[in-house]
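The lines below spell out each chain.
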Amino acid sequence: MAQLENTVTSATSAKFFGRKASRRRLPISYASLKWQIATLDAVVLIASCIAASLAYHLIAISNSIPEIEVLAGVGVLAAAFYVLVARAFGLYEFQCLLDAGLFMTRIIGSWALSILLLSLVLFLLKIGASPSRGAVISFALLGAVAVAFERATVGAFLRRAL
């Protein structure tokens with residue numbers, strides 16, 4: 001009987017406060033959300049760097065497999081550039097995280113600036129043959145699609161969670 005009263009009470013309070021009783025919320029603070037999204041951006045970009053470079057080398061240069069460590073390093077560098085530029089453009093503010101569609105030009109623009117910075121560093125340091133021009137171009141394209149998709153998905157998830 002007590003369990004039935006708890007169920008009725010929680011359903012009644014959920015109806016009173018205008019929310020669904022079965023909806024669960026994640027215990028994430030707003031302050032930590034921007035850093036979690038920045039980490040997710042970095043992981044997505046590192047994975048897309050490795051995937052795009054491997055695909056380019058397997059398609060264009062059939063006998064060549066690049067060093068994964070170098071590709072991961074290039075991805076980390078590109079992700080660091082992107083997170084810094086995106087933070088400077090205000091892309092980790094809560095309103096921007098909620099509605100990525102309105103800020104998609106800023107998202108793609110900050111990714112383009114990050115690729116320009118990455119290209120400059122790769123040129124100045126002459127890292128090696130792994131980050132070739134074709135690999136960087138394929139990474140730029142795949143990274144733009146990946147970041148745009150990831151931000152749209154995160155925005156939809158956050159809107160649903162509110």
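Structure first, text after, so check above.
Residues numbered from 1 in each chain as written. Predicted model: local features only at pLDDT ≥ 70, side-chain atom pairs only at ≥ 80, totals over all residues. Heavy atoms only, no water.

1. Regarding the packing of helix H2 (residues 30–60) against helix H3 (residues 68–88)
Close contact between H2 and H3 brings their axes to 8 Å; oriented N to C, the two are set at 140 degrees. The orientation of H2 with respect to H3, classified from their angle, is oblique. Here H2 and H3 pass one another in a crossing that is right-handed. For the pair formed by H2 and H3, the contact residues are Trp35, Ala38, Asp41, Ala42, Leu45, Ile46, Cys49, Ile50, Ser53 and Leu54 on the first element and Ile68, Leu71, Ala72, Val74, Gly75, Val76, Ala79, Tyr82, Val83 and Arg87 on the second. (Axes fitted to C-alpha atoms, helices over the stretch in contact; angles between N-to-C directions. Helix = DSSP H or I, 4+ residues; strand = E, 2+ residues; numbered from the N terminus. Parallel < 35°, antiparallel > 145°, perpendicular 65-115°, else oblique. Left-handed = near helix turned anticlockwise from the far one by under 90°. Contact = heavy atoms within 4.5 Å.)

2. Side note on the side chain of Glu150
Looking at the element boundaries, Glu150 is found in helix H6 (residues 133–161). Contact partners of Glu150, with chain neighbours within four places excluded, come to Ile37, Leu40, Asp41 and Val44.

3. Brief notes about the packing of aromatic side chains
For any two aromatic rings, the description comes down to two numbers: the centre-to-centre distance and the angle of the planes. Per the counting criterion, the structure on display carries two aromatic pairs. Seen in terms of ring centroids, Tyr82 and Trp111 are 6.0 Å apart; in terms of plane orientation they differ by 70 degrees. Their pairing is edge-to-face. With Tyr82 in helix H3 and Trp111 in helix H5 (residues 104–125), this residue pair connects regions lying 29 residues apart in the sequence. The burial state of Tyr82 is the same as that of Trp111; both residues are buried. Between Trp111 and Phe139 the ring centres are 5.3 Å apart and the planes differ by 85 degrees, which places this aromatic pair in the edge-to-face class. You can see Trp111 sitting in helix H5 and its partner Phe139 sitting in helix H6, a full 28 residues away along the chain. On the basis of relative accessibility, which here comes to 3%, the residue Trp111 falls in the buried class. Taken together, Tyr82, Trp111 and Phe139 form an aromatic cluster joined through their ring pairs. (Phe/Tyr/Trp six-rings, centres within 6.5 Å; stacked < 30°, edge-to-face > 60°. Buried < 20%, exposed > 50% of the residue type's maximum accessible area, 1.4 Å probe, protein only.)

4. A look at H5
Taking 1.5 Å per residue, 22 residues should reach 32 Å; H5 reaches 31 Å between its end C-alpha atoms and fits that length. Among the residues making up H5, those that are buried are Ile107, Ser110, Trp111, Ser114, Ile115, Leu118 and Leu122. Down the axis of H5, the buried side of the element spans an arc of 145 degrees, and every buried residue falls inside it. Relative to its buried face, H5 has exposed residues pointing more than 90 degrees away, namely Thr105, Leu116, Phe123 and Leu124. For H5, the secondary structure elements touched by its buried residues are H2, H3 and H6. Of the residues trailing H5, Lys126 is marked for its positive phi of about 45 degrees. (Expected span 1.5 Å × (residues − 1). Arc of directions from axis to C-beta.)

5. What about a nonpolar patch on the surface?
The grouping of Phe89, Leu113, Leu116, Leu117, Leu120, Phe123, Leu124 and Leu125 at the surface amounts to a nonpolar patch, some 810 Å² of accessible area in total. Residue placement: Leu124 occurs in helix H5. (Patch = residues over 30% accessible without salt bridge, like charges linked within 9 Å, V, L, I, M, F, W, Y side chains within 5 Å. Areas by Shrake-Rupley, 256 points an atom, 1.4 Å probe, with all protein chains shown as cover. Salt bridge = Lys/Arg side-chain N within 4 Å of Asp/Glu carboxyl O.)

6. Details of the environment of Thr39
Positionally, Thr39 belongs in helix H2. What makes Thr39 partly exposed here is its relative accessible area of 48%. One polar contact links the side chain of Thr39 to the main-chain carbonyl oxygen of Trp35, over a distance of 2.8 Å. (Polar contact = N/O pair within 3.5 Å; in protein donor to acceptor, adjacent residues only side chain to side chain.)

7. Points about H2
The end-to-end C-alpha distance of H2 is 45 Å, a good match for the 45 Å that 31 residues give at a rise of 1.5 Å each. Those residues of H2 lying buried are Leu33, Ile37, Ala38, Asp41, Ala42, Val44, Leu45, Ser48, Cys49, Ala52, Ser53 and His57.

8. Description of the packing of H3 against H5
Direction vectors running N to C along H3 and H5 enclose 135 degrees, while the axes themselves pass 8 Å from each other. Between H3 and H5, the angle falls in the class oblique. In the crossing of H3 with H5, the sense of the turn from one axis to the other is right-handed. In this structure, H3 uses Val74, Leu77, Ala78, Phe81, Tyr82, Val85 and Ala86 to contact H5, whose residues at the interface are Ile107, Ser110, Trp111, Leu113, Ser114, Leu117, Leu118, Val121 and Leu122. Among the residues making up the contact of H3 with H5, the classes are represented as 14 nonpolar, two polar and no charged. (Nonpolar A, V, L, I, M, F, W, Y, C, P; charged D, E, K, R; others polar.)

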